[in-house]
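Listed here are the chains, written in short residue letters.
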Amino acid sequence: MKTNNLTVDSFEKLPSPSYVCEEKLLEKNLILLKRIQDEADVSILLALKGFALWSTFDLCKKYLKGCCASGLHEAILAKEEFGGEVHTYSAAFKDDEIDEIISLSNHLVFNSFNQVKRFKDKAYGKVSLGIRLNPEYSSVEVDLYNPCAPFSRMGTTKANFDESQLEFLDGFHFHALCEQNVDALEGALAAFEKNFSQYFDKLKWVNFGGGHHITRADYDVEGLIKLLKDFKARYPHLKVYLEPGEAIGWQTGYLVGTVLDVINNGMDLVILDTSAEAHMPDTLAMPYRAMIRNSGVAGEKKHTYRLGGNTCLAGDIIGDYSFDKPLEVGDKVIFEDMIHYTMVKTTTFNGIKLPSIVIKHNEEYYEIVKNFGYNDYKMRLS
């Protein structure tokens, strides 16, 4: 619950660095997801692994059915701050956490039949049980984000399916996508049905997982609705869930940082108070090029700079960008689309301060819901 949060009335007064979530853009995404829920008669869950800005949950729960969690802490957050259904999946559950997870969850999804056998006696009859299956359909180009890559640990393959445990299960879960359109879902669903549909008559639900880039401008929303309706027509007894992560927070806000220094070593270099390593790690891990407001690629505009963070990591480099005007100490730099899958991955490497968290309610009302300081760094280390 939010209490005693600070407010400011202009962008210039925001702390730096800050993640800024724009409420009207978030609600725009939620409205679209709600339309798909209603027209296709499915349930869409908020994937906390991708978007866990719980200060917005009062808004989110007006549109979505609940949350999917990746373990104990996310399940607690879902129960405490969102309500609704809680669906929990983990690559492997721990003995000292499973009882609490069962008490918090409506659905519990195991990754292997080893885990089913280990925990079914505790969970059966208390929570709806399912298993994650690997349809062995691979369309994700970057293996780091491909749940169906060769030798993947995510989900059970057809060769490892144990029919003897089917009596304990209510549902199947599959996840084969990463920020993809409905054509990728069509391929994954076809493989999933080919491998496992012979068991569907014994089930109550199927979870289509995440990776559905539903709120992206070019996503085929009508195609998704048709696909879901067709699936439900084939299997009318099955309840269908989707749990997109990026689609909720997609293009709902930005990360703002400040220029601390401008130096030259063969080219102009800018040091910011925000960091690729600590604050936007996917720019290094994926990698991908972060979009900066009013910038171009190197050489496109008059003034080109290599932007880097203020950590000691030599590779803490955000990239090369060009601008119409020279960058000066104190200038603000705005990194677009930094709310989904970015905020949840931040670290305090080098003791660098975590970005503040801000919700923009309207043009004259910014709510600073969290500022971070020394204790946030200290208390996670001893």
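Treat the numbers as computed from the prediction; the structure is a model and nothing was measured.

Parameters at a glance
Residues numbered from 1 in each chain as written. Predicted model: local features only at pLDDT ≥ 70, side-chain atom pairs only at ≥ 80, totals over all residues. Heavy atoms only, no water. UniProt positions renumbered as here; feature names shortened; annotations may be inferred. Helix = DSSP H or I, 4+ residues; strand = E, 2+ residues; numbered from the N terminus. Buried < 20%, exposed > 50% of the residue type's maximum accessible area, 1.4 Å probe, protein only. Contact = heavy atoms within 4.5 Å. Core = buried A, V, L, I, M, F, W, Y, C linked by side-chain atoms within 4.5 Å. Domains from an automatic or database assignment.

### Describing the UniProt feature "binding site: substrate" (unreviewed entry) in the protein chain
Logical step 1: Mapped onto this structure's residue numbering, the UniProt feature "binding site: substrate" (unreviewed entry) falls at Glu246 and Asp282. On the basis of their most widely separated C-alpha atoms, the annotated residues across 37 residues gather in one place, lying no more than 13.3 Å apart.
Logical step 2: Here Glu246 lies in helix 8 (residues 246–249).
Logical step 3: By relative accessible area, Glu246 is classed as buried at 3%.
Logical step 4: If we skip the residues at most four places from it in the chain, Glu246 touches Glu179, Gly211, His212, His213, His340 and Tyr341.
Logical step 5: Structurally, Asp282 is set in helix 10 (residues 282–285).
Logical step 6: A residue is classified by how much of its surface remains accessible, and Asp282, at 12% relative accessible area, is buried.
Logical step 7: Setting aside residues no more than four positions away along its own chain, Asp282 makes contact with Tyr145, Pro287, Tyr288, Tyr341 and Lys345.

### A short note on the nonpolar core
Logical step 1: Formed by 99 residues in total, the largest nonpolar core has its most connected members in Leu46, Leu108, Phe172, Phe208, Leu228, Leu307 and Phe335.
Logical step 2: A per-element tally of this core places helix 6 (residues 182–196) first, with seven residues.
Logical step 3: Here this core spans two domains, and each of domain 1 (6–18 + 251–379) and domain 2 (23–248) adds at least three residues to it.
Logical step 4: Setting aside its immediate chain neighbours within four residues, Leu307 contacts Val270, Leu272, Ile292, Ile317, Ile318, Gly319, Tyr321, Phe323, Val333 and Phe335.
Logical step 5: With 10 residues, the next largest nonpolar core counts Val20, Tyr254, Ile334 and Ile368 among its residues.

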